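Examining the three-dimensional arrangement
Residue-level listing of the chains:
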Amino acid sequence: MQIDIVSVFPEYFDVTGLSLLGKAQEKGLVTIRSHNLRDWTHDVHHSVDDTPVGGGAGMVMKPEVWGQCLDDLLHMPDGSTQEQPSTDQTADTADVIEHKEAMKSSDDTSNGIASEADSSADSHETGVTEPVLIFPNPSAPLFTQADATKLSQAKRLVFGCGRYEGYDARIPDYYRSKGVDVREYSIGDYVLNGGEVAVSVMLEAITRLLPGFMGNPESIVQESYTGDEPLLEYRQYTRPTTWRGMAVPEILTSGDHGKVDRFRRDEAIRRTSRIRPDLIARLDCSTLDKHDRRLLEDLGWRASAAHPVRQDTNE
């Protein structure tokens, strides 16, 4: 997988060379390149933002800069000829020319990136050969484990990190109109100073699902939000079995794997019912066994319909 990240703070992503993600790059499972958006500016101040049209607080990231950057990264025809001339734009600066040459040189070498022939050969494995353009946005749909799973099958991802009041809304609209797969995601109901943190979250959620990334593939099988029944994971314990007077649940040391599995399944259902009842409400009752149904009823759910319903509601 090839990943490109555009930010006004590309050094933020130096941490991608650490831990398992760093090892994955060493093994050639993923290639990550961070780009400074200011490399595509043309004025002496390297400006990437301007005041909002219609007034308002803050600054908005300019479409011209993003457009030239994404045209280069996505290998698309230069759409800048359609733009109206701007007083702060001139011919390409030396920095821009140098960056474009570096991009071309990088793309012409292997550098962990599949060639056109390799991409075609791998298309049956991944199912997603075209690049996916992703913008974090607090006003967008919530990024989920299901999204991470689907995106882990892509050959190439391009992340754009917004700043200030965000990016001009025409940027994602333009690339969608050109046939690019554009996604906008929120990572939660809160606002950050920029998209770098959100991209880091999505980056880790996606790459850890790549085959060969985890030392033990079973580590990602039974996790919160994973699988056809996205329950929260049961609580974990390790040795010593008694610590400061607190013992692990006795059944976990019994050696009876069937009882251990049932205990963990029950705890997952209880935790999900208490913390994320919305996930319980999405369960398919036809996949629940008799024990699951009895437990849900004890927890205040009716499990006789297509999906569980709280007993104190009329839904």
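No experiment lies behind these values; they were computed from the predicted model shown.

1. Some points on the packing of aromatic side chains
On inspection of all chains with the given rule, the structure shows five aromatic pairs. Taken together, a centroid distance of 5.4 Å and an interplanar angle of 65° make the contact between Tyr12 and Phe13 edge-to-face. A residue is classified by how much of its surface remains accessible, and Tyr12, at 36% relative accessible area, is partly exposed. Its relative accessible area of 4% is what places Phe13 among the buried residues.

2. Observations regarding the pairing of strand β2 (residues 31-36)
Taken together, the six bridges between strand β1 (residues 2-7) and β2 define a ladder with parallel strand orientation. Its bridge partner lying in β2, Asp4 is registered against Arg33. A crossover connection joins β1 to the parallel β2 through helix α1 (residues 19-26); in handedness this β-α-β unit is right-handed.

3. Details of the nonpolar core
Generally speaking, soluble globular proteins have nonpolar side chains that are buried together. Ile3, Ile5, Leu157, Phe159 and Ile206 are the most contacted members of the largest nonpolar core, which totals 27 residues. Looking at this core, the elements that each hand over two or more residues are β1, α1, β5 (132-136), α5 (145-151), β6 (156-160) and α7 (196-207). The biggest single contributor to this core is α7, with five residues. Judged by nonpolar contacts, the second largest core, of 21 residues, contains Trp40, Val65, Leu74 and Val158.

4. Some details on a nonpolar patch on the surface
Where nonpolar side chains cluster on the molecular surface, the patch consists of Phe9, Tyr12, Tyr190, Leu192, Val197 and Val201 and spans about 500 Å² of accessible area. Its place among the elements puts Leu192 in the loop between β7 (181-185) and α7.

5. Considering helix α6 (residues 170-177)
At 3.6 residues per turn, the α-helix brings residues three or four places apart onto the same side. Along α6, the residues classified as buried are Ile171, Pro172 and Tyr175. The arc that holds the buried residues of α6, viewed along the axis, is 95°, so those residues lie on one side. Relative to its buried face, α6 has exposed residues pointing more than 90 degrees away, namely Arg170 and Ser177. Next to the buried residues of α6 lie β4 (60-61), α2 (63-73), β5 and β7. Directly after α6, the chain includes Gly179, whose backbone phi takes a positive value near 90°.

6. Quick look at the environment of Pro52
By the element assignment, Pro52 lies in the loop between β3 (49-50) and β4. Residues Pro52 and Glu165, spaced 113 residues apart in sequence, show a C-alpha to C-alpha distance of 8.7 Å. With near-sequence residues (within four places) excluded, Pro52 lies in contact with Ala57, Gly58 and Val60.

7. Thoughts on the confidence of the model for the chain
Detailed conclusions should not be drawn from predicted coordinates in areas where pLDDT is low. In this model, the chain carries an average pLDDT of 87, and 80% of its residues clear a pLDDT of 70 or more. Counting contacts from residues 87-91, a segment whose pLDDT is below 50, to residues more than four positions away or on other chains yields nine contacts. For the stretch residues 108-126, pLDDT sits under 50, and the model shows 14 contacts to residues farther than four places along the chain or on other chains.

Conventions we followed
Residues numbered from 1 in each chain as written. Predicted model: local features only at pLDDT ≥ 70, side-chain atom pairs only at ≥ 80, totals over all residues. Heavy atoms only, no water. Phe/Tyr/Trp six-rings, centres within 6.5 Å; stacked < 30°, edge-to-face > 60°. Buried < 20%, exposed > 50% of the residue type's maximum accessible area, 1.4 Å probe, protein only. Pairing = 2+ DSSP bridges. Helix = DSSP H or I, 4+ residues; strand = E, 2+ residues; numbered from the N terminus. Right-handed = clockwise from strand over helix to strand, strands pointing away. Core = buried A, V, L, I, M, F, W, Y, C linked by side-chain atoms within 4.5 Å. Patch = residues over 30% accessible without salt bridge, like charges linked within 9 Å, V, L, I, M, F, W, Y side chains within 5 Å. Areas by Shrake-Rupley, 256 points an atom, 1.4 Å probe, with all protein chains shown as cover. Salt bridge = Lys/Arg side-chain N within 4 Å of Asp/Glu carboxyl O. Arc of directions from axis to C-beta. Contact = heavy atoms within 4.5 Å. pLDDT = per-residue confidence, 0-100.

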